[in-house]
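Tertiary structure, described
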Amino acid sequence: MNVLRIALNDIRVVLKDRMILVWWLAMPLAFVFMFSFMVRDQTQDGTWLPVVKLDSVELADVVIAQLRTEKYWFDVKPAADERYVKDWDRALIVPATFSQDILAGKRVDLSLTKGRGSPEKYLAAQTLLFRALIRFNTAIAAVDLIERGCPSNRKPTCSRNLRSHPG
Amino acid sequence: MKEVFQVVFPGMMLMWVCFIASGVFADIFEEYKGHTISRLRAGGVTLREILLSKMLRCLVVCWICELLLILFTAAVFGVVWRNPPMLFVILTSFNVFLLGLLSLVYGYARSPELANAITVFVFLMAAVLGGSFMPFNELPAVLQAVGRWTMIRMANYGIESLFQSRPVWEALRPSLLLAVAGLVLAAAGTTVLRRRFESGRTV
């Protein structure tokens, strides 16, 4: 009982000091503001796009590298985190057979899931994904041409397909 | 802005709470020098009770500080703090660990000033490695491996798990570790502090 009585009295004394609002609220918030703006370069307007990588082969990293731009913050998650996808605002899933299918010349579908987040940010993520896929397909086609010995000035007929599959 | 706050804010809040708790805890020595503790003891209160009351005060101060920051960020910036009971458990286990650590450091350090210097160093290291200054996932792998075991990361992981709706057990596991470690440290710290005050060695 003594413990509670002394503690309550101490707290009453502490709370009488108006400066605590500065130390307990204003200062931490000011500090967070300052660092938020520093981190903002990485998160850029808060657009967070988690990428669940189910494929461990390097080719999956290449497509993720194509996604990385200054405007978004990519959070590459392990396969085990796939179960949380339904709770995220949005997420890109790189399938387990990604590299295998690309190398076999098969069509690959990437999934961009849609959660409760802002539709504008989803659209922005979708646009970014399309741009990255175009870059990736271009690179794949160029490699394909080199492999097949096609001259670079001829129209490519042997490129492989990679498409995004929203939702 | 909301998402930026969800990424950065919990780590920052935990770091700030560490410093506030340290300042409040150090007041015990001021009270000892000002004979407040002697007066309480003359009134029949044991030293153990006094120390426990000071630790309880520190715990309540941490709660108030966290509550203010959570309410403010929720009201002004729209940060969605999911599962309040779980959040309370996570923050309480963090606060208990903090109190245990502080009592041990202040109990063993040669002077309160030295203890203050040690805690500042420990808290800054924990903040840097625990992802208070930048998203934890962006840290190099080596720092992540070390930082995973800091109290700030363990509590932050729990909060992050709530934000991402991970299973309850996953959010609670590091917090339980923190709580158990905190209770052990607090028990040891109280004993050390009690011996210190009984021997009259405060400086």
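Before any of the text, the structure's been laid out above.
Residues numbered from 1 in each chain as written. Chains lettered and ligands numbered in written order. Predicted model: local features only at pLDDT ≥ 70, side-chain atom pairs only at ≥ 80, totals over all residues. Heavy atoms only, no water.

**Focus: the nonpolar core**
Within the largest apolar cluster, 71 residues are counted, with the highest numbers of intra-cluster contacts made by B:Phe25, B:Trp81, B:Phe94, B:Leu98, B:Met151 and B:Ile152. Going through the elements one at a time, α1 (2-16) and α2 (20-43) of chain A together with α1 (2-33), α3 (47-76), α4 (84-108), α5 (112-129), α7 (151-163) and α8 (168-199) of chain B are the ones with two or more residues in this core. Ranked by the residues each element gives to this core, the list is headed by α1(B), at 16 residues. With residues near it in sequence (within four places) discarded, B:Phe94 still touches B:Leu14, B:Val17, B:Cys18, B:Glu66, B:Met151, B:Ile152, B:Ala155 and B:Leu178. (Core = buried A, V, L, I, M, F, W, Y, C linked by side-chain atoms within 4.5 Å. Buried < 20%, exposed > 50% of the residue type's maximum accessible area, 1.4 Å probe, protein only. Helix = DSSP H or I, 4+ residues; strand = E, 2+ residues; numbered from the N terminus. Contact = heavy atoms within 4.5 Å.)

**Side note on the interface of chain A and chain B**
Taken together, the contacts link 43 residues of chain A with 41 residues of chain B. For the pairing of chain A and chain B, the buried interface totals around 3,700 Å² over both sides, and the portion due to carbon and sulfur atoms is 71%. Summed over the three residues of chain A that lose the most area to chain B, namely A:Ile6, A:Trp24 and A:Val32, the buried surface amounts to 17% of that side. For the interface between chain A and chain B, the tally reads 3 salt bridges. Here A:Arg83 and B:Glu170 are joined by a salt bridge, their closest N and O atoms 3.5 Å apart. Counting every contact that joins chain A to chain B gives 5 residue pairs in polar contact (both at pLDDT 80 or more). Going through the elements one at a time, α1, α2 and β2 (73-77) of chain A are the ones with two or more residues in the side of chain A that touches chain B. (Buried area = accessible area lost by both parts, 1.4 Å probe. Salt bridge = Lys/Arg side-chain N within 4 Å of Asp/Glu carboxyl O. Polar contact = N/O pair within 3.5 Å; in protein donor to acceptor, adjacent residues only side chain to side chain.)

**Notes on the packing of aromatic side chains**
Residues and elements named next belong to chain B. Counted according to the given criterion, the structure contains 9 aromatic pairs over all chains. Their ring planes at 35 degrees and their centres at 5.8 Å tell us that phenylalanine 29 and tyrosine 106 sit as a pair that is tilted. Of this pair, phenylalanine 29 sits in helix α1 while tyrosine 106 sits in helix α4; the two residues are 77 residues apart in sequence, bridging distant segments of the chain. We note that phenylalanine 29, like tyrosine 106, is buried. (Phe/Tyr/Trp six-rings, centres within 6.5 Å; stacked < 30°, edge-to-face > 60°.)

**What about the pairing of β2(A)?**
All names here are of chain A. Burial of β2 is extensive: 4 of the 5 residues sit out of reach of the surface. Inspection of the sheet shows strand β1 (residues 48-53) paired to β2 by 5 bridges, in the parallel sense. What sits directly across from proline 50, in β2, is aspartate 75. (Pairing = 2+ DSSP bridges.)

**Brief notes about the environment of A:Gln66**
Residues and elements named next belong to chain A. Along the chain, the position of glutamine 66 falls in helix α3 (residues 58-67). For glutamine 66, a relative accessible area of 23% translates into the label partly exposed. Residues glutamine 66 and leucine 133, spaced 67 residues apart in sequence, show a C-alpha to C-alpha distance of 7.8 Å. Setting aside residues no more than four positions away along its own chain, glutamine 66 makes contact with Ala132, Arg135 and Phe136.

**Topic: a nonpolar patch on the surface**
On the surface, A:Met19, A:Val22, A:Trp23 and A:Met27 cluster together into a nonpolar patch covering about 350 Å² of accessible area. Assignment of secondary structure puts A:Val22 in helix α2. (Patch = residues over 30% accessible without salt bridge, like charges linked within 9 Å, V, L, I, M, F, W, Y side chains within 5 Å. Areas by Shrake-Rupley, 256 points an atom, 1.4 Å probe, with all protein chains shown as cover.)

**Regarding the packing of α3(A) against helix α5 (residues 119-148) of chain A**
Residue and element names in this part refer to chain A. Between α3 and α5, the least distance of the axes is 8 Å, while the angle of their chain directions is 125 degrees. Here α3 is positioned oblique relative to α5, judged by the angle of their axes. Considering only the axes of α3 and α5, their crossing is right-handed. Along its contact with α3, which presents Leu59, Val62, Val63, Gln66 and Leu67, the element α5 presents Leu128, Leu129, Ala132, Leu133, Arg135 and Phe136. Residue composition of the contact of α3 with α5, grouped by class: 9 nonpolar, 1 polar and 1 charged. (Axes fitted to C-alpha atoms, helices over the stretch in contact; angles between N-to-C directions. Parallel < 35°, antiparallel > 145°, perpendicular 65-115°, else oblique. Left-handed = near helix turned anticlockwise from the far one by under 90°. Nonpolar A, V, L, I, M, F, W, Y, C, P; charged D, E, K, R; others polar.)

**Digging into α5(B)**
All names here are of chain B. End to end, α5 covers 25 Å across 18 residues, agreeing with the expected 26 Å (1.5 Å per residue, within 8%). Restricting attention to buried positions, one finds in α5 the residues Pro112, Ala115, Thr119, Phe123, Ala126, Ala127 and Leu129. One or two positions beyond α5, positive phi appears at glycine 131, with a value near 85 degrees. (Expected span 1.5 Å × (residues − 1).)

**Focus on the packing of α1(A) against α3(B)**
Close contact between α1(A) and α3(B) brings their axes to 8 Å; oriented N to C, the two are set at 45 degrees. Between α1(A) and α3(B), the interaxial angle falls into the category oblique. Crossing angle aside, the handedness with which α1(A) passes α3(B) is right-handed. For the pair α1(A) and α3(B), the contacting residues are A:Asn2, A:Val3, A:Leu4, A:Ile6, A:Ala7, A:Asp10, A:Ile11, A:Val14 and A:Leu15 in the first and B:Glu49, B:Ile50, B:Leu52, B:Ser53, B:Lys54, B:Leu56, B:Arg57, B:Val60, B:Val61 and B:Ile64 in the second. Across the contact of α1(A) with α3(B), the residue classes tally to 13 nonpolar, 2 polar and 4 charged.

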